[in-house]
Each structure stands twice: as structure tokens, then as C-alpha cells.
Amino acid sequence: MLKTKDLSYWYQDASQPLFKEVNLEFEAGQSYAILGHSGTGKTTFLSLIAGLDHPKDGEILLGDRSLKQIGLTNYRRHDVAIVFQAYNLFAYMSPLDNLLTAMAITGAEHAGDKAYASQILRDLGIGDDLITRNVQHLSGGQQQRVAIARTMACDAKLVVADEPTGNLDEDNTHAVIAQFQKIAHEQQKCVIIVTHEPDVAAQCDHQYRLENKQFTQLA
Ligand SMILES: Nc1ncnc2c1ncn2[C@@H]1O[C@H](COP(=O)(O)OP(=O)(O)OP(=O)(O)O)[C@@H](O)[C@H]1O
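Residues numbered from 1 in each chain as written. Predicted model: local features only at pLDDT ≥ 70, side-chain atom pairs only at ≥ 80, totals over all residues.

Help me out: how do you make sense of the sheet that holds strand β5 (residues 65–66) in this one?
As a general point, the strands of a sheet are linked pairwise by backbone hydrogen bonds and lie either parallel or antiparallel. Here we have 4 strands laid out as an open sheet, ordered β2-β1-β4-β5, and antiparallel in their pairing. In this open sheet, the two strands that pair with only one neighbour each are β2 (19–26) and β5. Pairing of strand β1 (residues 2–9) with strand β4 (residues 57–62) involves 5 bridges; the strand directions are antiparallel. Bridging across to β4, Lys5 finds its partner in Glu59. Where helix α1 (residues 42–49) meets the sheet, it contacts β1, β2 and β4, and its direction lies at approximately 130 degrees from that of β1. (Pairing = 2+ DSSP bridges. Helix = DSSP H or I, 4+ residues; strand = E, 2+ residues; numbered from the N terminus. Contact = placed C-beta atoms within 7 Å. Axes fitted to C-alpha atoms, helices over the stretch in contact; angles between N-to-C directions.)

If you want it as C-alpha cells, here you go:
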């Protein structure tokens, strides 16, 4: 589904790339964890996959089209959903309006369908008492579940998450990863998660470590 072809990136100095000539393939219906020490370039890699920046060298292909051909704005709107550690919800809106707004912006199949959006939130434990409350009055774990619900309500086949459990306790971490597994296996999406936590990575279908400018498959 998504492929990197000789992908390289550096910020200032081309002789010191963060990663070099990376060739990876990510399939629909599977989840992938990317581990690695701080500063190795995991977030940078994810931002390229998410279409937030252009590669310095090489390319990223969705199916047989490069992100450059698709256009990054187009790609971000329709093909990829992003979950950050800091939830990144629309502030001052309720969980329900967060989903409905994202569905409208991305032109999702179920755009405007309140019952559909409410059910996804309910399935993630955001019940009727919380669904219309300002998201800023929700706990960290609840906000992260809303962010995940939003990716489920939209049609993007690729879901990327940067340290999605970084702020969560053990129970919420477990629930969030279980939900990502559901997104991969039941919705047949491709889920790519950057994490520091080996326990989190171990719950994904595949694990890679970014080290010495290359990705090594661990499992
Ligand atoms: N906009 C930028 N300009 C210059 N250097 C940057 C920029 N963003 C990140 N870097 C540097 O690039 C390197 C990789 O950063 P990145 O955030 O991708 O690493 P990471 O593996 O995700 O780290 P962490 O696990 O700590 O989040 C770091 O040394 C960082 O300081």
C-alpha cells in the first residue's frame, strides 16, 4: 500500500542524513511500530509518511503514485489520518463535533451522519454523557480515544501515530493499542505507530528499529 523508495532526509547537512536510502513497505490490514532512541529521526520519518514535508531524496509511493504526484495537500486531506501525543483535537468542540467536522473536511463517506459518529465514540467508551461536552474537559485518555475515533470515522486508509500512548497510564495505553489493532484488522487500514515503549511495539504486527540511519526489522 505504502512504499518508501531510497528515502533519505536531513535537516541542514546532506552529509549527515537522519536516514539514508530507506526501502520499506507497509501493507493494508497490518500495524507497524517504529522504535528507536531519542533523536534518531522517528518523528521526522513519520512526518514524511504523513505528507507534512517532502523527502530530501528518494520518494514515497501510495499504491503506484508518488506523494509528489498526488500532491501533499490532497494526500493529507484524503489518504492519511494523523494521531499525535497531544491529541490535536479541535479545541472548544465536543467529541461529536470533532468527528463530524473531520468527516466533513475530508469528504468521508459518512459525513453528516451523527448516529454513525456517535456509535464510533460509544464503542471507544465515550458515552452519551461525554459526547457533547467540550473536549478540553475530558481526561487525557478520553481525548486520545476521541482522536482515534476521528481516524475511524474518516476514510483515510493510512493511520500514522506519533507516541500516541506517551501521556497515558497502563490501562489507557492498552485500550488505545487494542483500538489501533482493530483499525488495522477490522477496517483493513495500515497503522504506523512511533513509540518509545517496547511493550507497545510488541502488540503491533510488525516492529522496526531506526538506528544508524537504517530501519531494521525486529519482528
Ligand atoms: N525542524 C528541525 N530543524 C532542524 N533539526 C531538527 C528539526 N526537527 C528535528 N530536528 C533534529 O533532527 C533529529 C531527529 O529528530 P526527530 O524528532 O525526528 O527524532 P525522534 O527519533 O522522533 O526523537 P524523539 O524520540 O526524542 O521524539 C534530532 O536531532 C532533532 O534535533
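Just to check I follow, could you spell out the pairing of strand β10 (residues 214–217) for this structure?
In regular strands, side chains alternate between the two faces of the sheet. The pairing of strand β9 (residues 206–211) with β10 spans 4 bridges and is classified as antiparallel. Along β10, the bridge assignment pairs Tyr208 with Gln217. Hairpin connection of β9 to β10: 2 residues between the antiparallel strands, including Asn212 at a positive phi of 50 degrees.

Explain the nonpolar core to me, please; I cannot follow it from the model alone.
As a rule of thumb, nonpolar side chains are buried together in soluble globular proteins. Ranked by internal contacts, the top residues of the largest apolar core, which has 66 residues, are Leu99, Ala149, Ala153, Val160 and Ile192. With 6 residues, helix α6 (residues 140–153) is the largest single contributor of residues to this core. Beyond its immediate chain neighbours, meaning those up to four positions away, Leu99 contacts Ala117, Ile120, Leu121, Ala149, Arg150 and Ala153. (Core = buried A, V, L, I, M, F, W, Y, C linked by C-beta atoms within 7 Å. Buried ≥ 20, exposed ≤ 12 C-beta atoms within 10 Å, placed from the backbone.)

Any chance you could explain the sheet that holds strand β7 (residues 158–162) here in plain terms?
Taken together, 6 strands build an open sheet; the order of strands is β6-β7-β8-β3-β9-β10 and the sheet is mixed. Two strands in the sheet have a free side with no partner beyond their single neighbour: β6 (80–83) and β10. Adjacent strand axes in the sheet meet at a mean angle of 20 degrees when their direction is disregarded. Strand direction decides the pairing type here: β7 and strand β8 (residues 190–194), joined by 5 bridges, are parallel. Looking at β8, one finds that Asp162 is bridged to Val194.

Explanation requested: the site of the ligand in the structure shown.
Surveying the vicinity of the ligand reveals the residues Tyr11, Leu18, Gly36, Ser38, Gly39, Thr40, Gly41, Lys42, Thr43 and Thr44. Among the residues forming the shell around the ligand, the class breakdown is 2 nonpolar, 7 polar and 1 charged. (Near = placed C-beta within 6 Å. Nonpolar A, V, L, I, M, F, W, Y, C, P; charged D, E, K, R; others polar.)

In this structure, what is going on with unusual backbone geometry? I would like to understand it.
Backbone phi values are negative for most residues with the exception of glycine, while trans is the configuration of most peptide bonds. Unusually for a residue other than glycine, Glu21 sits at a positive phi of about 50 degrees. With respect to the helices and strands, the residue Glu21 is situated in strand β2. If you check the backbone angles, Tyr92 has positive phi at about 70 degrees while not being a glycine. The topology assignment puts Tyr92 in the loop between β6 and α4 (95–106). Using a count of 9 C-beta atoms within 10 Å as the deciding quantity, one classes Tyr92 as exposed.

Even after reading the chapter, I still don't get the packing of α6 against helix α7 (residues 170–186), so can you show me in this structure?
The description of two helices packed together rests on the angle between their axes and the distance between the axes. With their axes 10 Å apart at the nearest point, α6 and α7 run at an angle of 5 degrees to one another. Taken together, α6 and α7 sit at an angle that is classed as roughly parallel. Contact residues: α6 offers Gly141, Gln144, Ile148, Thr151 and Met152, while α7 offers Asn172, Val176, Gln179 and Ile183. Taken together, the residues of the contact of α6 with α7 break down into 4 nonpolar, 5 polar and no charged. (Parallel < 35°, antiparallel > 145°, perpendicular 65-115°, else oblique.)

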